[in-house]
Amino acid sequence: MKKANVTKATANTASKVAKTSKVASKPKAENSVKKTEAPQEEPEKESKITKADMLEMLEKCLTITGLSKNLKEQIEYTLAHKAKATMNDLRDLVSEAGKEAKALHEAQEANKSKAENSIKKPLKKSGKKADEPKEEAPKTPSKGAKKPAKEESPKEAPKKKSLKAIDMLVEFPEKVTITDGDDEIELEKVAINKYEDVVEMLEEDEDAEIYLAVYWTKRHIQQFNYSKDGYFKVPNGKFENDLDMVNLIYPGSLVAVGISAYTEAPYNFLPEAFKPDVDGMKYSDGAEFEVYRVIK
């Protein structure tokens, strides 16, 4: 179980800088803007994701381990010039961070698979057979010899105790009530079989709000280092119902990005994670999760 790193994420513990924005460029680009009038931004469609949300996402992106130096410098430069940053600039940076996060994730999975397959080969048996002891003819018991004692039946070896199974959630609740900031929110589980279902739901209803419930027991929090070097503290050391409720704020084409309602830890969910396994469970970096929608 590789929880968010938050890698069970941060997944794990945000992703998505192919395009170079005017804000993310170096001061040279900034000087060139002075020569021409700055183009007026087109009015953006109403969205629940505000500029402040996107700036916060960029700050979270800086915590991704392994982020390229070039992208990190552009994000830092953009954050230092927030007033000039456009939503398109911010989306491009988040998208590029997502691409790098996905590549890092795939590299980690490849290394894990390689390590698991590198099992030592058994030693080859020698072609020469060991000298087998010659069978001796049974000796005829002499007269008056004592009869051999009855062989006692061997005692059964004590049975080995089976290892305790890892905690796994059998079934997610149909409805959940959570507190996100000062708001009390009621959620209901929705049937999702692929990532496109989530995207379609948000496109059809602009007011739709999605949360992803990620299964974290108290043992998982310690075993998989949820706190990530102390950045994200779990209130009272555990989650209510063992579920970290993650608000989906950026359903990108390469990665879905969410923020924990309890710890503000960033999560990355790859599209293939939304496809259930043979038992109907969904996994992201080894952590079970389920999709919920806010009840209006």
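Look up a bit, the structure's there.
## Regarding the pattern of salt bridges
In step 1: Within the structure shown, the criterion is met by seven salt bridges.
In step 2: Taking the shortest distance from any N to any O, the salt bridge between aspartate 197 and lysine 194 comes out at 3.1 Å.
In step 3: Overall, the relative accessible area of 19% leaves aspartate 197 in the buried class.
In step 4: Accessibility expressed as a relative area gives 41% for lysine 194, which makes it partly exposed.

## Quick look at the side chain of lysine 60
In step 1: Note on placement: lysine 60 falls in helix H2 (residues 51-61).
In step 2: Owing to a relative accessible area of 13%, lysine 60 belongs among the buried residues under this scheme.
In step 3: Reaching out from lysine 60, the side chain makes a polar contact with the backbone oxygen of glutamate 264 at a distance of 3.2 Å.

## Comments concerning unusual backbone geometry
In step 1: Its identity as a non-glycine residue notwithstanding, asparagine 241 has a phi of 60°, on the positive side.
In step 2: Within the secondary structure, asparagine 241 sits in the loop between helix H6 (218-223) and strand E4 (243-251).

## Some words on the environment of glutamate 56
In step 1: On the secondary structure map, glutamate 56 appears in helix H2.
In step 2: Taking the C-alpha atoms as reference points, glutamate 56 and leucine 79, 23 residues apart in sequence, are found 9.4 Å from one another.

## Focus: the packing of H2 against helix H3 (residues 69-80)
In step 1: Put simply, H2 and H3 touch, their axes get as near as 10 Å, and they point 145° apart. Considering how the two elements wind past one another, H2 and H3 form a crossing that is left-handed. Facing H2, whose interface residues are Leu55, Leu58, Glu59 and Cys61, H3 presents Ile75, Thr78 and Leu79.
In step 2: When the residues that make up the contact of H2 with H3 are grouped by side-chain class, the tally is five nonpolar, one polar and one charged.

## Section: the packing of aromatic side chains
In step 1: For the structure on display, the rule yields nine aromatic pairs.
In step 2: Ring geometry for tyrosine 267 and phenylalanine 269: centres 5.8 Å apart, planes at 10°, overall stacked.
In step 3: Note on phenylalanine 269: relative accessible area 1%, which makes it buried.
In step 4: Seen from their ring centres, phenylalanine 274 and phenylalanine 289 are 5.3 Å apart, and the 80° between their planes marks the pair as edge-to-face. Here phenylalanine 274, found in the loop between strand E6 (266-269) and strand E7 (282-284), pairs with phenylalanine 289, found in strand E8 (residues 287-294); they are 15 residues apart in sequence, far enough to count as distant.
In step 5: Classification of phenylalanine 274 as buried rests on a relative accessible area of 0%.

## Side note on the pairing of strand E5 (residues 256-260)
In step 1: A large share of E5 lies buried, amounting to five of its five residues.
In step 2: Side chains Ala256, Gly258 and Ser260 project from E5 onto one buried face, and the interleaved Val257 and Ile259 project onto a second face that is buried too.
In step 3: In the sheet, E4 pairs with E5 via five bridges, with the strands oriented antiparallel. Bridged to asparagine 247 within E5 is isoleucine 259.
In step 4: Hairpin connection from E4 to E5: four residues lie between these consecutive antiparallel strands.
In step 5: Relative to E6, E5 runs antiparallel, the two being bridged by four bridges. From the neighbouring strand, isoleucine 259 faces E6, where its bridge partner is proline 266.
In step 6: If you look at the hairpin formed by E5 and E6, you'll find five residues sitting between the two strands, and glutamate 264 has a positive phi there, around 65°.

## Re the environment of arginine 293
In step 1: With respect to the helices and strands, the residue arginine 293 is situated in strand E8.
In step 2: Between the alpha carbons of arginine 293 and lysine 175 there is a distance of 9.5 Å; along the sequence they are 118 residues apart.
In step 3: Each residue touching arginine 293, except ones within four places of it in the same chain, is listed here: Glu186, Leu187, Glu188, Val190, Met201, Asp205, Ala208, Glu209 and Ile210.

Reading guide: rules and limits
Residues numbered from 1 in each chain as written. Predicted model: local features only at pLDDT ≥ 70, side-chain atom pairs only at ≥ 80, totals over all residues. Heavy atoms only, no water. Salt bridge = Lys/Arg side-chain N within 4 Å of Asp/Glu carboxyl O. Buried < 20%, exposed > 50% of the residue type's maximum accessible area, 1.4 Å probe, protein only. Helix = DSSP H or I, 4+ residues; strand = E, 2+ residues; numbered from the N terminus. Polar contact = N/O pair within 3.5 Å; in protein donor to acceptor, adjacent residues only side chain to side chain. Axes fitted to C-alpha atoms, helices over the stretch in contact; angles between N-to-C directions. Left-handed = near helix turned anticlockwise from the far one by under 90°. Contact = heavy atoms within 4.5 Å. Nonpolar A, V, L, I, M, F, W, Y, C, P; charged D, E, K, R; others polar. Phe/Tyr/Trp six-rings, centres within 6.5 Å; stacked < 30°, edge-to-face > 60°. Pairing = 2+ DSSP bridges.

This is a description of form; function is not addressed.
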